[in-house]
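The residues making up each chain are set out below.
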Amino acid sequence: MRALVLHGPDDLRLEEVPVPVPGPGEVVLRVTGALTCATDAKMMRQGGHPALPPNPAPFGHEACGVVASVGEGVTGVAEDDEVVVANSAPCGACPPCAAGRPSLCESIVYLSGAFAEYLRVPARIVQRNMLPLPPGLPPRRAAMVEPLACAVRGTERVQAGAGDEVVVLGGGVQGTLIAGLLAGRGCLVTLCDPHEARRERAIRFGAVRALDAPRDPAAVQAVKAAHGGGRGPAAVVEAVGRPEAWEAAVAIARPGGEVLLYGGCAAGTTVTLPTFPLHYQELAIRGSYHHTPDAVREALARLAANDAPYDELIGDEIALEQVADVLRAGSGEKRPVRTAP
Ligand SMILES: [Zn+2]
Ligand SMILES: [Zn+2]
């Protein structure tokens, strides 16, 4: 079969490889839906990632498919079943898992290899995070279960509720999904992004207002002043992944408010935070990483219900040959990848 394989920084190759054979507890899927992700672009640029096996590494982690073969000891799944897989599964036994924090699992198992005709699903994911495809859910939308599960997990870390003003910084896929989830909860969401098309899309996802991205201290103060009668919004979600946006998020929040630092920044970066609002204004700052099995199930139910215009986040289909160029261009849109010959 043909498969995309990562060999090093900016070295993603289309190769002829053997069709995977499932080991004990494993399942092999014929991929029917696979999507590109901003994380793929980062992995390709870096030439490796903690969520990838050592190079040469099978590539692509957002997938759904049809069960093609089943390994020894697998129960409850049969050939020809249509399934969705999350891109990881926690162990359920380590201290963070035992404490109810599976997104911090110390021995998490990741999925990789969706950009190929066939995908081997690790036993742990078969057991914990492989789910039947809900009837009527198109495979390419189902493959969005991982990014939406991350957004679901992120919004679980936000306490703001109905009637509360929330500012979301960043209108990429993640910022848009988060805006939609918070709007669905009744929050009054303002999304900030430099691109007009993304601002308009945020309104269709339920944001009540969309503003340009604040790029200097005066613009940051203007976003704050536009909320809470000048005091600032109840919550700010940073979904850009840059230190300056993290700092802006803290500057926009109102006294007693909350900040979710959601976007992952480049390794080794740091931020400078003012001590005054953290101490005298009791600002609550949280992070959010990855997702949980519960968030995966909620995300899949939402995709099946199509409770937001999710398909707007998915662009035109591309061939395996185009993936590297599309990731390099980094449009921010998700692209379905045609994996069948
Ligand atoms: Zn992803
Ligand atoms: Zn664990």
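On a predicted model such as this, the values are computed, not experimentally measured, just so you know.

### Here we look at the domain arrangement of the protein chain
Here is step 1: When cut into domains, the protein chain gives domain 1 (2–145 + 310–338) and domain 2 (158–287).
Here is step 2: The straight-line distance from the C-alpha centre of domain 1 to that of domain 2 is 30 Å.
Here is step 3: The interface is formed by 7 residues belonging to domain 1 together with 7 residues belonging to domain 2.
Here is step 4: Both sides together, the interface formed by domain 1 and domain 2 hides about 670 Å², and carbon and sulfur atoms give 62% of it.
Here is step 5: The tally of links from domain 1 across to domain 2 stands at 1 salt bridge.
Here is step 6: Between Arg204 and Glu312 there is a salt bridge, and its shortest N-O distance comes to 2.8 Å.
Here is step 7: One can count 1 residue pair in polar contact (both at pLDDT 80 or more) joining domain 1 with domain 2.

### Looking at the coordination of the zinc ion (ligand 2)
For a metal bound by four donors in tetrahedral geometry, the ideal donor-metal-donor angle is 109.5 degrees, whereas six donors in octahedral geometry ideally sit at 90 or 180 degrees.
Here is step 1: Protein ligation of the zinc ion (ligand 2) involves Cys91 (SG), Cys94 (SG), Cys97 (SG) and Cys105 (SG), the donor distances falling in the range 2.3 to 2.4 Å.
Here is step 2: If you look at the zinc ion (ligand 2), its 4 donor atoms make angles of 105 to 118° with each other, and the shape they trace is tetrahedral.
Here is step 3: For the zinc ion (ligand 2), the single-chain donor residues occur in sequence as C-x2-C-x2-C-x7-C. With Cys94 in the loop between strand 7 (88–89) and helix 2 (95–98) and Cys105 in the loop between helix 2 and strand 8 (109–110), this residue pair connects regions lying 11 residues apart in the sequence.
Here is step 4: With relative accessibility at 9%, the residue Cys94 sits in the buried group.
Here is step 5: Overall, Cys105 belongs to the buried group, its relative accessible area being 9%.

### Overview of the sheet that holds strand 10 (residues 130–132)
Here is step 1: The 5 strands are arranged 9-3-5-6-10 in an open sheet whose pairing can be described as antiparallel. Edge positions in the sheet fall to strand 9 (118–121) and strand 10, since each of these pairs with one other strand and no more. Ignoring strand direction, the axes of neighbouring strands in this sheet form an average angle of 45°.
Here is step 2: Relative to strand 10, strand 6 (residues 82–85) runs antiparallel, the two being bridged by 3 bridges. In the sheet register, Val85 faces strand 10, and the bridge partner there is Met130.

### Side note on the sheet that holds strand 14 (residues 235–238)
Here is step 1: Read across the sheet, 6 strands follow the order 13-12-11-14-15-16 without closing on themselves; strand pairing throughout is parallel. Both outer strands of the open sheet, strand 13 (209–211) and strand 16 (284–287), are each paired with one neighbouring strand and no more. Across the sheet, the mean angle separating the axes of adjacent strands is 20° when strand polarity is ignored.
Here is step 2: Pairing analysis gives 4 bridges linking strand 11 (residues 165–169) to strand 14, with the strands arranged parallel. Each bridged residue has a counterpart across the sheet, and for Val167 the counterpart in strand 14 is Val236.
Here is step 3: Those strands touched by helix 6 (residues 173–184) are strand 11, strand 12 (188–192) and strand 14, and its axis lies near 170° from that of strand 12.

### Structural notes on the packing of helix 8 (residues 217–225) against helix 9 (residues 243–252)
Here is step 1: Axis separation between helix 8 and helix 9 bottoms out at 9 Å; the angle between their running directions is 40°. Between helix 8 and helix 9, the angle falls in the class oblique. For the crossing formed where helix 8 meets helix 9, the hand is right-handed. The residues of helix 9 that touch helix 8, namely those facing Val220, Gln221, Val223 and Lys224, are Ala248, Ala251 and Ile252.
Here is step 2: Along the lines of polarity and charge, the residues of the contact of helix 8 with helix 9 split into 5 nonpolar, 1 polar and 1 charged.

### Thoughts on the coordination of the zinc ion (ligand 1)
Here is step 1: Around the zinc ion (ligand 1), the protein contributes the donor atoms Cys37 (SG), His61 (NE2), Glu62 (OE) and Glu146 (OE), at 2.1 to 2.4 Å from the metal centre.
Here is step 2: Taken together, the 4 donor atoms surrounding the zinc ion (ligand 1) define angles of 84 to 160° at the centre, an arrangement classified as irregular.
Here is step 3: All donors of the zinc ion (ligand 1) come from a single chain, and their spacing in sequence reads C-x23-H-E-x83-E.
Here is step 4: Overall, the relative accessible area of 6% leaves His61 in the buried class.

### Thoughts on the nonpolar core
Here is step 1: Of all hydrophobic cores here, the largest spans 47 residues; its most connected members are Val168, Leu177, Leu182 and Val237.
Here is step 2: Broken down by secondary-structure element, the contributors of at least two residues to this core are helix 5 (145–156), strand 11, helix 6, strand 12, strand 14 and helix 11 (293–305).
Here is step 3: Ranked by the residues each element gives to this core, the list is headed by helix 6, at 7 residues.
Here is step 4: Here this core spans two domains, since at least three of its residues come from each of domain 1 (2–145 + 310–338) and domain 2 (158–287).
Here is step 5: With near-sequence residues (within four places) excluded, Val168 lies in contact with Gly175, Ile178, Ala179, Leu182, Val189, Thr190, Leu191, Cys192 and Val237.
Here is step 6: Ranked by size, the runner-up nonpolar core spans 36 residues in total, among them Val31, Met44, Val77 and Leu327.

### Topic: unusual backbone geometry
Here is step 1: That bond from Asn55 to Pro56 is cis: its omega, -5°, falls within 30 degrees of zero.
Here is step 2: One non-glycine residue with positive phi stands out, namely Glu282, at about 50°.
Here is step 3: Relative to the helices and strands, Glu282 resides in the loop between helix 10 (275–279) and strand 16.
Here is step 4: Overall, Glu282 belongs to the exposed group, its relative accessible area being 65%.
Here is step 5: In the Ramachandran plot, Asn306 falls in the positive-phi region, its phi being about 50° despite a non-glycine side chain.
Here is step 6: With respect to the secondary-structure elements, Asn306 resides in the loop between helix 11 and strand 17 (318–319).

Rules behind the numbers
Residues numbered from 1 in each chain as written. Chains lettered and ligands numbered in written order. Predicted model: local features only at pLDDT ≥ 70, side-chain atom pairs only at ≥ 80, totals over all residues. Heavy atoms only, no water. Domains from an automatic or database assignment. Contact = heavy atoms within 4.5 Å. Buried area = accessible area lost by both parts, 1.4 Å probe. Salt bridge = Lys/Arg side-chain N within 4 Å of Asp/Glu carboxyl O. Polar contact = N/O pair within 3.5 Å; in protein donor to acceptor, adjacent residues only side chain to side chain. Donors = N, O, S within 2.8 Å, 3.2 Å for Na, K, Ca; no water. Tetrahedral: all angles 85-135°; square planar, octahedral: opposite > 155°, others 65-115°. Helix = DSSP H or I, 4+ residues; strand = E, 2+ residues; numbered from the N terminus. Buried < 20%, exposed > 50% of the residue type's maximum accessible area, 1.4 Å probe, protein only. Pairing = 2+ DSSP bridges. Axes fitted to C-alpha atoms, helices over the stretch in contact; angles between N-to-C directions. Parallel < 35°, antiparallel > 145°, perpendicular 65-115°, else oblique. Left-handed = near helix turned anticlockwise from the far one by under 90°. Nonpolar A, V, L, I, M, F, W, Y, C, P; charged D, E, K, R; others polar. Core = buried A, V, L, I, M, F, W, Y, C linked by side-chain atoms within 4.5 Å.

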